[in-house]
Amino acid sequence: GDDNSGRKVITFSCCRMPPSHQLNHTRLLEYLKYTLDQYVENDYTVVYFHYGLKSLNKPSLKWLQTAYKEFDRNYSVLPSLAFNIFLTVSFSFPRYKKNLKALYVVHPTNFIKILWNIFKPLISHKFGKKITYLNYLSDLGEHLKYDQLNIPQEVIRHDENLWRKQKGKLPPVVKVPPPRPPLPTQQFGVSLQYMKDKNKGELIPPVMKETISYLKSKGLQVEGLFRRSASIQTIKDVQKLYNQGKSVNFDDYHDIHVPAVILKTFLRELPQPLLTFDCYDNILEITSVESCLRVTRCKQIVQGLPEHNYVVLKYLICFLHMVSQESIYNRMTASSLACVFGLNLIWPLKGTTSLSALVPVNLFTELLIDFYTNIFNSRTVPGE
């Protein structure tokens, strides 16, 4: 899922930890590093569900010492996996600590809070401000769309029991108001066809044209373009202006990352991904294709897209190819851009993208950017 700033969310559930004697802790450490490596080049958020950590499944002190030494060479994440694993993984790896923007500790115990006070003098004030304790799942809803997360049933039942114990009743049911019909000028959360019909047949949505045009002129050599987040309120204000059909002058915001985040948000809020649900399974199979045939396979998949999706995708990838050509300045290679845009271009019809899908999704996106000319050179659409 994403938080309210559009940052990717990593969750860790202690109740899923098996008994220590059954767990290969070396593999757990490798899994943690692998998971974090998918995201840490960009701003990201961690949600830590503490419920379920018991003496039976707590990692040993010896393993924590080993993990600390391992992570101290490269990483850094959060003071919390059980405040055991994550504290270890936490202040060791500068590259992980740098882009971690928020750590939500859900259902903290007094032990966690005491442990935090013990380690607090060792942790920077800046990093400490990223940590938020949340007593109930409903509190998490103020920061991100937690219905996107795969929350274990054990955690949900524990949350309900806490409500009964503390407040004598179940947590309130969040009433979702019926969706309002979109405005004629709406650009976020509506289909490409809707925008085409409301914009005199224009194939490229105005928000895409304007953000990409602005970034081409002023952002191509900005280091870390698309990696940084922007003010939540600013993004909401800009979305509102676009949806109301009002003009947006990005110079007014004095932040090149605003149009970058707006572009990513626009793609993420499409009712159907730009690469379409139909292509999801084919894209996941890209890693099973021989390396020398992958570009050809990418081209076949892209050629099968509906005309409108093809044109918009071509417009976007052309721009991302330009960005990658300036990577000596902006540090955004095709691989880096793929990590940012992959999950904004394709996702499954049901559920969320699994960890195993990240590699093929990012690889497919990287190939599109790297081999833009080869992949998009043989199809022309009227009105393109």
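Keep in mind it's a predicted model, so treat the numbers as computed, not measured.

Help me get a handle on the overall build of the protein, residues and values and all.
Along the protein, the regular secondary structure elements total 19 helices and four strands. Looking at the protein as a whole, 51% of its 384 residues qualify as buried. Partitioning the intrachain contacts of the protein with sequence separation of at least 6 by distance along the chain shows that 75% fall at a separation of at least 24. A total accessible area of about 19100 Å² is found for the protein, and carbon and sulfur atoms account for 51% of it.

Just give me the short version of the packing of helix α12 (residues 257-268) against helix α17 (residues 334-345), but keep the residues and values in it.
Where α12 meets α17, the closest approach of the two axes is 8 Å, and the angle between their N-to-C directions is 30 degrees. Between α12 and α17, the crossing angle belongs to the class labelled roughly parallel. Relative to α17, the crossing made by α12 is left-handed. Contact with α12, carried on its side by Leu 263, Lys 264, Leu 267 and Arg 268, involves Val 340, Phe 341, Asn 344 and Leu 345 of α17 and no other residues of that element. Grouping the amino acids of the contact of α12 with α17 by side-chain chemistry returns five nonpolar, one polar and two charged.

Mind laying out the confidence of the model for the protein, listing which residues take part and the relevant values?
Summarising the model, the protein shows a mean pLDDT of 82, and 77% of its residues fall at 70 or more. A low-confidence stretch, residues 72-92 stays under pLDDT 50, and its non-local contacts, those more than four residues away or across chains, total 100 contacts.

What counts as what
- Residues numbered from 1 in each chain as written.
- Predicted model: local features only at pLDDT ≥ 70, side-chain atom pairs only at ≥ 80, totals over all residues.
- Heavy atoms only, no water.
- Helix = DSSP H or I, 4+ residues; strand = E, 2+ residues; numbered from the N terminus.
- Buried < 20%, exposed > 50% of the residue type's maximum accessible area, 1.4 Å probe, protein only.
- Contact = heavy atoms within 4.5 Å.
- Areas by Shrake-Rupley, 256 points an atom, 1.4 Å probe, with all protein chains shown as cover.
- Axes fitted to C-alpha atoms, helices over the stretch in contact; angles between N-to-C directions.
- Parallel < 35°, antiparallel > 145°, perpendicular 65-115°, else oblique.
- Left-handed = near helix turned anticlockwise from the far one by under 90°.
- Nonpolar A, V, L, I, M, F, W, Y, C, P; charged D, E, K, R; others polar.
- pLDDT = per-residue confidence, 0-100.

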